[in-house]
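Chain residues, written in single-letter form:
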Amino acid sequence: MSGVSRESSALMKLKSKAVDIIEEKQLEDLLNSGKKLRIKIGIDPTAPLVHIGHLVLILKIREFQELGHQAYVIVGDFTAKVGDPSGRSSLRPRLSDEEIEENTKIIMEKFLRFLDKNRTQIYFNSDWLSNINLSQIIDLSSKVTVSQILGRDDFRKRQEEGKPLYVHEFLYPLLQAYDSVVIKADIELGGTDQLFNLLLGREMMKSFGLPPQVCITLPLLEGLDGKLKMSKSYGNYISVDDKAEDIYGKIMGIPDELITKYAKLLCNFEEKEIEELKKIHPFEAKSEVALRITELLKGKEEAEKAHQWFNKVIRMRGTPDEIPEFEVSYGTILQKVLKELGVVKSVSEATRLTESGGIYINGEQVKEKLYQLKKGEYVVRVGKTKFIKLRVKEDS
RNA sequence: GGGGAGGUGCCGGAGCGGUCAAUCGGGCCCGGCUGUAAACCGGGUGGCCCCAGCGCCUUCGGGGGUUCAAAUCCCUCCCUCCCCA
């Protein structure tokens, strides 16, 4: 295989999954230049969470790293400190330095599970943003119009919904753009919702006399509900730290239509494989994808276990192999025990569960609102997935 | 500066003196069914009580007040949105 064709297949791979590439020709030239490229990606340190929506980006960065390029992770600590009412919420968490540092540490640990440590550099944008002065800010602001910024989806939405929109928020995209100037990014990656911000970075670099960055956007992954983008605030995410069973199970719960998207974005399925996936039974297809993604996050062994667990417990309504065991005294009320063990939040909840038939002892539905435990050993099932084993002894 | 509309449970959004622990939708949970934790259908969704009662306690931005009784009326403070200047 010649050098040229290898190059182009690399380009093909990098281009795959991307929604926008601005400019494609420029990307090609950069890749052909033989230069070690600076790949920028921004992260938000407000919560120590990495979910599989992020993973789409992370995997793309890794592809660049595999070609020898360098990842520049920019931690948006400056905005986190000032408070950013982003998205739907108008709540502005102001994090302390310690919290940000802690969150960043946790986030990066998760990122580095998938990235090449030696080709990853971390920067905090407060390093340069906290010393910026007013004339620089005004200078930056003069590069964009209000309607450009209002064109951003989340801003416009809030405007339309009559939700507060603060002036300082208009600055954030500018600051993010300025980050690109500082680190002299060659390429910036982001979700499709970031396109505007990425392009602003491009413009900003030009006006600072730098070669503009290439902007690459990747699709946003829909969350478990199948509609909204995966995010913490919607609670529709799969964390990379979820238990293998939960990862597997959550994927089994996504709407069928989403299977191919997950397969493509997270398992790197090619067109051909996607077609195959469409042909087989949705349940089989989903199992396959669930297994792959669980494997990606937790390794083969864990994934295999999760697969078996799902079939046994969810599908067959069986009992899992490992159940936590507890010892209680004779005559205790089951519902109270469940509350004490933290299986349910309140006794009322346990009562409701009992009424709706969601509590079982050794496979028998519990009917009594206050069930007295007798001597012996019991497997208690609460709802679909919670199991505990109780050893009831004679009270002294 | 002027005028108007609002702040209700996880979210959206009713209620506007008792019948309100608060309609409804979403989410979530349980059950049924199944091909799955999909879809669909049914139920539930503040807490407490081994007297489960038409029981008790804590909720409708914060504080105070009127009343036998307030999410609902009054006062005050805080917050948001819209229009005009």
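Counting from 1, residues in each chain are numbered in the order their sequence is written. Chains and ligands are labelled by the order in which they are written, letters from A for the one and numbers from 1 for the other. Totals for whole chains, interfaces and linings use all residues, but because this is a predicted model, local features are given only for residues with pLDDT of at least 70 and pairs of side-chain atoms are given and counted only at 80 or more. Only heavy atoms go into the side-chain values, all of them from the structure, while hydrogens and water stay out.

A.B. asks: I'm lost on the pattern of salt bridges in this one. Help?
C.D. replies: Where charged atoms from two side chains of opposite charge come close, those side chains can pair. For this document, the term salt bridge refers to a Lys or Arg side-chain nitrogen within 4 Å of an Asp or Glu carboxyl oxygen. All told, the structure shown has 27 salt bridges when counted by the stated rule. With a shortest N-O distance of 3.6 Å, glutamate 355 and lysine 369 are connected by a salt bridge. A residue pair is termed long-range when its members are at least 10 positions apart, and glutamate 355 in helix 18 (residues 347-355) and lysine 369 in the loop between strand 9 (364-365) and strand 10 (376-382) qualify at 14 residues. Residue exposure (1.4 Å probe, protein chains only): buried if accessible area is under 20% of the type maximum, exposed if over 50%, otherwise partly exposed. Owing to a relative accessible area of 55%, glutamate 355 belongs among the exposed residues under this scheme. Each of Glu325, Glu327, Glu377, Arg391 and Lys393 takes part in a single network of salt bridges with overlapping partners. Helix and strand assignments follow DSSP, with helices taken as H or I runs no shorter than four residues and strands as E runs no shorter than two, numbered in order from the N terminus.

A.B. asks: Sorry if this is basic, but what is going on with the sheet that holds strand 1 (residues 20-22) here?
C.D. replies: Sheet strands associate in pairs through backbone hydrogen bonding, adopting either a parallel or an antiparallel arrangement. A pair of strands is considered paired only if DSSP assigns at least 2 bridges between the two. On the basis of which strands lie adjacent, the open sheet formed by 6 strands has the order 1-6-5-2-3-4 and mixed pairing. Looking along the sheet, the strands with just one partner apiece sit at the ends: strand 1 and strand 4 (120-124). Sheet twist, expressed as the mean angle between neighbouring strand axes with direction ignored, is 20 degrees. Any two residues whose heavy atoms approach within 4.5 Å are treated as being in contact. Orientation is described by lines fitted to C-alpha atoms, with helices fitted over the stretch in contact, and by angles between N-to-C directions that extend from 0 to 180 degrees. Sitting on the sheet, helix 10 (residues 167-183) is in contact with strand 2 (38-43), strand 3 (70-75) and strand 5 (187-191), with an inclination near 150 degrees to strand 2.

A.B. asks: I tried to follow helix 11 (residues 195-207) on my own but got confused; where do I start?
C.D. replies: Owing to its 3.6 residues per turn, the α-helix aligns residues three or four sequence positions apart on the same side. For helix 11, with 13 residues, the first-to-last C-alpha span of 19 Å sits near the 18 Å given by 1.5 Å per residue. Of the residues making up helix 11, those classed as buried are Phe196, Asn197, Leu198, Leu200, Gly201, Arg202, Met204 and Met205. A positive phi of about 75 degrees marks glycine 209, the residue just after helix 11. An expected span of 1.5 Å times one less than the residue number is assigned to each helix.

A.B. asks: Hey, could you run me through the protein's contact with RNA strand B in this one?
C.D. replies: Proximity criterion: a residue is near a molecule or strand once any of its heavy atoms comes within 4 Å of it. Surrounding RNA strand B, one finds 40 residues, the nearest of these being Met252, Gly253, Lys336, Ser348 and Arg352. Distance and chemistry together define a polar contact, namely a pair of N or O atoms within 3.5 Å, with one atom able to donate a hydrogen and the other to accept it when in protein, and with adjacent residues in sequence counting only for side-chain atoms on both sides. A distance of 2.9 Å separates a phosphate oxygen of RNA strand B from a polar atom in the side chain of serine 346. Between valine 347 and RNA strand B, the recorded distance is 3.3 Å, taken from a backbone N or O atom to a phosphate oxygen. When contributions to the surface near RNA strand B are tallied by element, the ones reaching two or more residues are helix 12 (244-252), helix 15 (282-298), helix 16 (300-315), helix 17 (334-340) and helix 18. Amino acid classes used here: Ala, Val, Leu, Ile, Met, Phe, Trp, Tyr, Cys and Pro are nonpolar; Asp, Glu, Lys and Arg are charged; the rest, including Gly, are polar. Looking at the surface near RNA strand B, its residues break down into 14 nonpolar, 13 polar and 13 charged.

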